[in-house]
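Analysis of the macromolecular model
Below, each chain spelled out in residue letters.
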Amino acid sequence: MTAAERVRAAWDRLWFAPGDARTLALARIVVAAHALWILLSRDLPALSGLPAPFWRGVAASARARFLIVEGHPRIESFLALLAAAALLAMLLGLWTRASGLVAGLLLYHLAPLETIILTPSPYVKGFTIAVPALIALSLSPCADAWSVRPARRAAGAWEYRWPVQLVRLLVAQIYLFSGWAKLVRVGFDWAAADNVRAWLHFFNQRDQLVVFHTVGPWLAERPVLCLLAGLFAMALELSFVSTVVSRTARRVLPIAAAAWHAGILFAMNIAFPYVPLLLLFVDFRQRQESAGT
Amino acid sequence: MLNAVAALVFAAFVLLGLRTWTGDAGRRRSRVSLLLAFTAVVSFGAGLAQRDTWPFSSWPLAASAPGRSVTYSTIAAVDARGAEHAIDYRAWQPLGFDELLSWIQLELPKLTRGEQDEAARHLLALAEAARTRAAAEGRVGYFDRLLGPLTAPDFLLHPRSWPPTPTERFVGLRIYSETLVLDAPSRGGGVSERVLDYEYR
C-alpha cells in the first residue's frame, strides 16, 4: 500500500466508518437544545438598540462581516424568534435541512451582538460550536432517529458518521487550542504553581467575581496542588483531541473534563457554557458492542 | 483585514456545505471530504496560529500569565444624597457585565466627553430602571424571564449585590480603576489602589 493509499484509508476510517443514526440524532438534539438554552437566556436583539457611543469603536468590517446594522432591535427580535423556531424544529427533527441551516446562519449574525462593542469574537458566550455544527448537521440525515418525523429510508452508514466526527472535533479543539494558547503565550511555565495561584487569586479577590470563595483561596495556599492542577489542566487540554479517534478516550476524557469544569466552577467562579456539549461523545454503537462482548 | 478573511472563510464553509446536498452518493462523499478538509484547515489554522476567525476560534482561555497585579474598571451609582452604591451585575442587562466593564476600561476613554456622557446617561438609566424594578417587584434583571432558574449563567459568575436594594434614586455614576495585588491578604494581596476616572451627574 502506498503512502497516499494509507492516508486515504485513515481519512476514510476517521470520517466515513459506519455510523449510528442514534449517535447523529443525539448530536442534533444536544447542539440544538444547547443553542436554544443560551438564546433564551439572553436578549441579543436589545443590544442592537444601544446608543451610538457604544458603536463608535466597532469596525465597519466587523459590522459587514456579520451583517449587523445597529439601531434595529425590532428586526433583530424577529430574527431571534426565527432562530428559536428553527432550533426547536431542529431539536424535534423537523425539516432539518432548512432548520439547521437557518438556525446556523441566524446565530452567526446574532451571536456577535453580545460582544461586538468590545470584540467581534463571542467565543466564550455559548454559540461558537453551534454555528458550524448546525450547518454541518443540516447537511446530514440527522433526523433518521429520535425525530417526530423519522425518515422512511435509512441513509448510507457513512453518512451518520462524518457530522458527528466533525462536531466532536470542533468541541475537542476548545481544549486543544486552549492548551496550545497557553504554550504559545506563556510556555510550560503556565502550569507553574505561582501562575496557577495568581489565576486563583484573580478569580477570588475581585468582589464582583466571587460567588464561591472557599476552594480557590484554600487551593492557592498549597503550591504542590497548584502545580498539579496546572499540569493536569495542560495534560487534559492537549490530550482531549484523542477523543475524536479513540473510543477509550471517549469513555474517559469527557467525564474527566466535566469533573474538571466542576472544579473550576467552585475554585475560579467560571461557568463554562459548553459543558453540556460533552454529551456529544456518547457513542451508541460503542454501547451496543460493549453489551455484546 | 482579519474580519474580511474570517467572513470569506465562513462563506466558503457554507457554500462547500451546500454543495454536498446534490449529486450521487460517490460525488456527495467527495464533496463532504472537501468540506471536512477545508474545515480542518481553517479551524486548525485559527487555533494553531492563534488568529480568531469566529466561529472558528483560537480559544485563548486563561492563556496569559496574570502576573503580580491587575487593573480593571468598576462602576458605582451615586444617589440624590451623594451616597455611593454597588450596582448589581444584573442591572446592566441586556449588556453583559464583563463586556460592559471591559468596554468601559478600553473604549470609553477613546470617546469625546460628550459621547462619554451620552453613554453614561444610558447606563444610569439602566441602573435606575433596575433599581426601581428591584424595589417594586424584587426582580433586578430579566434574562430569566423565560427559563427562570434554568437560565444559562454568565461565563464568569457574579454575586448578587441586591437585595438590599438601594432606596434612593440614582442620579450619577462613578467609574474607578482598581488595582488588585494577586496574593493572599496576609502577603499584601487584595485591592491596593482605587482611582476615580470619570463621574457623571
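As shown above, the structure is provided for reference.
Residues numbered from 1 in each chain as written. Chains lettered and ligands numbered in written order. Predicted model: local features only at pLDDT ≥ 70, side-chain atom pairs only at ≥ 80, totals over all residues. Heavy atoms only, no water.

On to the overall build of chain A, then. Helix and strand counts for chain A come out as 14 helices and zero strands. Written out in order from the N terminus, the α and β elements of chain A read α-α-α-α-α-α-α-α-α-α-α-α-α-α. In terms of its C-alpha atoms, chain A occupies a principal-axis envelope of roughly 60 × 55 × 40 Å. For chain A, buried positions account for 58% of its 293 residues. The contacts of chain A with a sequence gap of at least 6 include a subset with a gap of at least 24, amounting to 77%. For chain A, the computed accessible surface area is about 12000 Å², with 67% contributed by carbon and sulfur atoms. Computed over 27 positive and 16 negative side-chain charges, the inter-centroid distance for chain A is 5 Å. (Helix = DSSP H or I, 4+ residues; strand = E, 2+ residues; numbered from the N terminus. Buried < 20%, exposed > 50% of the residue type's maximum accessible area, 1.4 Å probe, protein only. Contact = heavy atoms within 4.5 Å. Areas by Shrake-Rupley, 256 points an atom, 1.4 Å probe, with all protein chains shown as cover. Lys, Arg positive; Asp, Glu negative; His and termini not counted. Charge placed at Lys NZ, Arg CZ, Asp CG, Glu CD.)

Turning to the sheet that holds strand β1 (residues 69-79) of chain B, a few remarks are in order. Residue and element names in this part refer to chain B. Strand order in this open sheet of four strands is β2-β1-β3-β4, and the pairing throughout is antiparallel. Each edge of the open sheet carries a strand with a single partner, namely β2 (84-86) and β4 (190-200). Taken pair by pair, the neighbouring strands of this sheet meet at an average axis angle of 35°, ignoring direction. Note that β1 and β2 share three bridges and pair antiparallel. Among the inter-strand pairings, A76 is bridged to a residue of β2, identified as A86. (Pairing = 2+ DSSP bridges. Axes fitted to C-alpha atoms, helices over the stretch in contact; angles between N-to-C directions.)

On to helix α1 (residues 2-19) of chain B, then. Taking 1.5 Å per residue, 18 residues should reach 26 Å; α1 of chain B reaches 26 Å between its end C-alpha atoms and fits that length. For α1 of chain B, the complete set of buried residues consists of N3, A6, V9, F10, F13, V14, L16 and G17 of chain B. The buried side chains of α1 of chain B occupy one side of the element, clustering within an arc of 165° when seen end-on. Exposed and facing more than 90 degrees away from the buried side of α1 of chain B are L8 and L15 of chain B. The elements touched by buried residues of α1 of chain B are α5 (60-66), α7 (96-110) and α8 (130-138) of chain A together with α2 (25-49) of chain B. (Expected span 1.5 Å × (residues − 1). Arc of directions from axis to C-beta.)

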